[in-house]
Amino acid sequence: MAGFVGVFLTVVLTVVCVLVEGNYMVYDTAQGVVPGKLNVHLVPHTHDDVGWLKTVDQYYVGSNNSIQVACVQNVLDSLIPALLADKNRKFIYVEQAFFQRWWRRQSEATKKTVQILVSTGQLELINGGMCMHDEAATHYIDMIDQTTLGHRYIKQQFNVTPRIGWQIDPFGHSAVQAYLLGAEVGFDALFFARIDYQDRAKRRDEKKLEFIWQGSKTQGSSSQIFAGAFYAGNYEPPTGFYYEINDESSPVVQDDINLFDYNVQERVDAFVAAALSQANVTRSNHIMWTMGTDFKYQYAETWFRNMDKLIHYVNRDGRVNALYSTPSIYTDTKHALNEAWPLKSDDFFPYADRINAYWTGYFTSRPAIKGYVRTLSGYYLAARQLELFKGRNKSGPTTESLADALAIAQHHDAVTGTEKQHVANDYAKRLSIGYKESEDVVAAAFGCMTQSSSFSECKNPPTKFTQCPLLNISYCPATDVDISQGKKLAVLVYNSLGWKRTSVVRIPVINENVTVSDSTGKVILSQIIPIVNASIANRKFYATAYTGESTSADPMYWLAFTAEVPPLGFSTYVIASGKASASIKPRSYTFGGAQNSSDVEIGSGNLKLIYSGNDGTLTQYINSRSSVNMSLEQSYTYYAGEATGTDQASGAYVFRPNGTSEVQPEEKFPLRVFKGPLYDEVHQMINSWIYQITRVYKEKEHVEVEFTVGPIPIDDEVGKEIVTQIKSNIGNNKTFYTDSNGRDFLERIRDYRADWDLEVNQPIAGNYYPINLGIYIKDKNTELSVLVDRSVGGSSITDGEVEIMLHRRLLYDDGRGVDESLNETVCVLDKCSGLTVQGKYYLRFDPLGEGSKWRRSFGQEIYSPFLLAFTEQDDKWTNFAIPTFSAMDSSYSLPDNVAILTLQELEDGTVLLRLVHLYEDGEDKDLSVMATVELKKVFPNKKINKIKEMSLSANQEREEMVRKRLSWKVEGSKTKQDNDLRGGPVNPVKLTVELAPMEIRTFIIDFNTKLVQY
């Protein structure tokens, strides 16, 4: 096509006068693709944020317009008659959260009309999720769930499957998006806008804005998808071609010669010039114009009227060809060229839109809501399992409201923390409402499952279970039982994982003298640790903020015991009055005197930590089993946020540090150590606003660090971004590894990009990457892994060191549209203070090549913690009728490299099952192998009548999806061109499922409901 482009470079813009009389005009908009010409595909669209400056409902109904004039209802209402006016007009719509709100209120006649528009391709529903999810701060399970909600709804209402990924606004793009939420849902192409400004410049120069993206090393060519990064770095029309009502930035096409300002030729010339400019950096004779932007088409006819005229007059002019199009038409046209395209691997993080402006702050922004989303995501996974076991209650309560709230929270201005504060409050409110309804589902399931083996018939269980969503701050009214008065507290511990699990459970209690018994009545080992004053203060403040009233609860101790729970099942324990618990008293160490010169050692199992006797700092990590002995330091630092008045402030999106300061204590605080039979913990008051508890469990080989950060002080009028730094002597040579949405680990090299020669202007912010599962470094002998409990940003800025950002409080807006500083505050009664965040991270050293077992298996435990429920009993109570339960065969558990992602009863009574292989090819010498799951043992009390393998989003059979997907040529391809790294068909007799490394398999199962449910 080189000669073709050369022709365009020498085209002379000739003047062709077209005069139109002021009579009725019929515009010719029927033009399709014209071979040999430059074809300009006009793609009418609107980008409707599912919350950002306004809440999702405010955007839909058009309220709160003092902030932003936007009404999605107007867009959809005006769109339909505009499409009906001309069968050649086309439009694409993305956000199902809005579309479904609109659809539910339409008449049957309107619905039929829209169904016809969809079936003919005039209206194309693309991307298809409830929102356009973020790609940095989201977990792959949440991405799948929210996409599935939208895709299945579209299939039910319109019998179509979206073909195109349209991630035009997220702030960087992940490998998981490309192969998992692209290829694996059946998309033929993926289009987006935001890539690094340096990368874009190089791709424009080399005509590589369109390419084949292979997001997975493990799955080879089957993970490839055609991808396009938009020419101008945005998703708007070229300058001068906006046609929103009352918009003054672009001239309309005025073609009535009887009126002033006739401008047809000027508009045609401008169109041709803009098209040629884009063609000069695009391969082939096809370019796409994205005709729309945020909340446009409030009155759709203004856009279509002007596009009708442009198509008509541009095509009469003849120099280029203009046509109404969609991304599907554009993709099919590109595919028909039968050309080879450049190959892209890895991802598009971090993203900078200009010098000194790295959008890496939002990896951590609003850490509380990030933690809330992750907590409820794991809860939703478990709640759906329990809803299935008991039987879905069609009249409610159900898990649907939590599903909807979580789906909306994945939006790229929700979990990212880049929304206005009142919108963040709205997301949290929706999540809370969804949790409350799902809490009722879970409580009813437990009440039935503990009473009878035929619990599917259970309606009103006699036992009422309660749960504690604020257990992290030791607020749990259910455990505020005065056991000394003869009462007992029953604790049900549910395990949503597919393998047996043994972990320590911690609950707040009033009494110090208590015993814990298992379901056989045997008293088991437990320990009591006092709740420290700092935790009590946080509990009182935040419990009051959450409940809206002062709390009377005042538990003084943490009771800990070890729970052993079967796969997909529960165990029960009873807490009663007694003196069997080991009551742990703290030992305090102050430093600077000779009397404390000896080191402090904690850990009674294989793992030991050593703290310096001179200053109380952590110095050493010793694992006697693995023979790992490493120096280890941990500290807190803050980056001062760059202020406004510079070329770029630090804000909700952008991380722009202006200097680094180590967090210094205001005074010398003692090191407080608690040593018990189950675990040891070290309490450190770093300063007045950072408190840390470090735990080492006897039966585990990792370190658990619980941090409480905040309120971050701003009295000095300096915004601060708080990081923790973990320092070792590992020689990682600038190289570190971070996960992609909790799935694959990608290699990162400091101050380096594989696709271009990086010009370093921000050596810290420019080396930050999103972390959802973990980060690790390694050398020739050892690995250091750090796992997290929510989305954060992190890096390895210095060799041997890992740092993660925990909290941000900033005083200036960063100029990216939210128009609000990231200064979160919490008000209780008349007191307001900066947000305090509590969370955990986990670290471990392993010999080289052995760290993946812990990262993958314990990573699942972080995502799916034990689900606890409580019920109070009198002294006559003995035990539940069903004290332990497992949905699986008692002799079976899933292979160590397989997990259940989804186990859910659908509306029609069928069951959605997703199984995932946790390991990449070559990641682990023992577990990066084909795995087999025996469905008969997963569902021992059910008979499988029919099982269908589906696409990842469960909207089409996988075989059909694979058959339909387009296959693309790759330039100089040396990549795998096979699909051998996939499991075979389900064995119809044995009902066994194979999973290859990194494979996710999705099934819809029809059971014989006449059999006993469980």
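Above this text sits the structure in question.
What counts, and where the lines are drawn
- Residues numbered from 1 in each chain as written.
- Predicted model: local features only at pLDDT ≥ 70, side-chain atom pairs only at ≥ 80, totals over all residues.
- Heavy atoms only, no water.
- Pairing = 2+ DSSP bridges.
- Helix = DSSP H or I, 4+ residues; strand = E, 2+ residues; numbered from the N terminus.
- Axes fitted to C-alpha atoms, helices over the stretch in contact; angles between N-to-C directions.
- Contact = heavy atoms within 4.5 Å.
- Parallel < 35°, antiparallel > 145°, perpendicular 65-115°, else oblique.
- Nonpolar A, V, L, I, M, F, W, Y, C, P; charged D, E, K, R; others polar.
- Buried < 20%, exposed > 50% of the residue type's maximum accessible area, 1.4 Å probe, protein only.
- Polar contact = N/O pair within 3.5 Å; in protein donor to acceptor, adjacent residues only side chain to side chain.
- Salt bridge = Lys/Arg side-chain N within 4 Å of Asp/Glu carboxyl O.
- Core = buried A, V, L, I, M, F, W, Y, C linked by side-chain atoms within 4.5 Å.

### Describing the sheet that holds strand β49 (residues 944–950)
The four strands lie next to each other as β46-β47-β52-β49, forming an open sheet whose pairing is antiparallel. Strands at the two margins of the open sheet, each flanked by one partner only, are β46 (898–905) and β49. In this sheet, neighbouring strand axes are inclined to one another by 25° on average, regardless of whether the strands run parallel or antiparallel. With six bridges connecting them, β49 and strand β52 (residues 1000–1007) associate as antiparallel partners. By the bridge assignment, I947 is partnered in β52 with I1005. Sheet strands in contact with helix α6 (residues 140–158) are β46, β47 (911–917) and β52, and its direction is about 150° off that of β47. Along the sheet face, helix α12 (residues 367–390) touches β46 and β47 and points at about 55° away from the line of β46.

### Focus on the packing of helix α9 (residues 264–279) against helix α10 (residues 300–317)
Running from N to C, α9 and α10 cross one another at 80°; their axes reach a closest spacing of 10 Å. What the angle tells us is that α9 and α10 run roughly perpendicular. Residues V264, Q265, R267, V268, F271 and V272 of α9 pack against L310, Y313, V314 and D317 of α10. Residues of the contact of α9 with α10, tallied by class, amount to seven nonpolar, one polar and two charged.

### Thoughts on the side chain of N772
The residue N772 is located in the loop between β36 (769–771) and β37 (774–778) in this model. A relative accessible area of 2% means that N772 is categorised as buried. A polar contact of 2.7 Å, which involves the side chain of N772, links it to the backbone oxygen of A136. Among the polar contacts made by the side chain of N772, one reaches the main-chain carbonyl oxygen of T138 at a distance of 3.4 Å. Apart from residues lying up to four places away in sequence, N772 is in contact with A136, A137, T138, H139, R374, D739, N741, G742, V788, R790 and S791.

### Some remarks on the pattern of salt bridges
Throughout the structure, instances matching the rule amount to 58 salt bridges. A salt bridge links E184 to R982; the nearest nitrogen and oxygen atoms lie 2.7 Å apart. Linking E184 in the loop between α7 (175–179) and β5 (189–192) with R982 in the loop between β50 (969–970) and β51 (992–995), this pair joins segments that are 798 residues apart in sequence. With a closest N to O distance of 3.1 Å, K487 and E872 form a salt bridge. Linking K487 in the loop between α14 (421–449) and β14 (488–495) with E872 in strand β44 (residues 867–873), this pair joins segments that are 385 residues apart in sequence. Assessed through its relative accessible area of 37%, K487 is described here as partly exposed. Classification of E872 as partly exposed rests on a relative accessible area of 40%.

### As for the nonpolar core
Within the largest apolar cluster, 137 residues are counted, with the highest numbers of intra-cluster contacts made by F271, W289 and F304. Setting aside residues up to four positions removed in sequence, F304 forms contacts with P44, L79, A82, L83, R89, K90, F91, Y297 and Y324. Counting 57 residues, the second largest nonpolar core, distinct from the first, contains M449, F570, L867 and F939.

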